[in-house]
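Take a look at the letters that make up each chain.
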Amino acid sequence: MQQNNPSTQKLWVDMFCSNEQIFSTCNRIVQPEFFDPDYRDAVEFTKHYYDKYSSLPSSEILEAETGFQPRKMTINPDEIEYCISKVEQFCIERIVTGK
């Protein structure tokens, strides 16, 4: 799976916005500018919302505030570790390449 293609980035954002464990683990490394413009506002809003309210915004709030239509997902424990690993890898690649 290519880390930089739009469908992969959407999956990371959907998972990131659906699961508090994934979000809280990846929040320290995730930056909005690492993502394609279609997803930046959603990532930025989710980070600010979490900082202020200590929880993730509902999909309705996220869509109303950013126009991003998240797919709320039920994520299995093995998928949590997978997603955390992939999101961290994606962010590290963005840091290293300066993109």
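Everything discussed here concerns the structure shown above.
It is not clear to me how the side chain of asparagine 27 should be interpreted in this structure. Could you clarify?
For asparagine 27, the location among the structural elements is in the loop between helix 2 (20-26) and helix 3 (37-53). A distance of 2.7 Å separates polar atoms of two side chains, one belonging to asparagine 27 and the other to lysine 47. Apart from the residues lying within four places of it in its own chain, the contact partners of asparagine 27 are Phe16, Lys47, Tyr50 and Asp51.

What should I look at first to understand the packing of helix 1 (residues 6-18) against helix 5 (residues 77-97) in this one?
Packing of helix 1 against helix 5 leaves a shortest axis separation of 10 Å and a crossing angle of 125 degrees. By the angle between their axes, helix 1 is oblique relative to helix 5. For the crossing formed where helix 1 meets helix 5, the hand is left-handed. Two secondary-structure elements touch here, helix 1 through Gln9, Trp12 and Met15 and helix 5 through Glu79, Tyr82, Cys83, Lys86, Val87, Phe90 and Arg94. Grouping the constituent residues of the contact of helix 1 with helix 5 by class yields 6 nonpolar, 1 polar and 3 charged.

Rules and cut-offs
Residues numbered from 1 in each chain as written. Predicted model: local features only at pLDDT ≥ 70, side-chain atom pairs only at ≥ 80, totals over all residues. Heavy atoms only, no water. Helix = DSSP H or I, 4+ residues; strand = E, 2+ residues; numbered from the N terminus. Polar contact = N/O pair within 3.5 Å; in protein donor to acceptor, adjacent residues only side chain to side chain. Contact = heavy atoms within 4.5 Å. Axes fitted to C-alpha atoms, helices over the stretch in contact; angles between N-to-C directions. Parallel < 35°, antiparallel > 145°, perpendicular 65-115°, else oblique. Left-handed = near helix turned anticlockwise from the far one by under 90°. Nonpolar A, V, L, I, M, F, W, Y, C, P; charged D, E, K, R; others polar.

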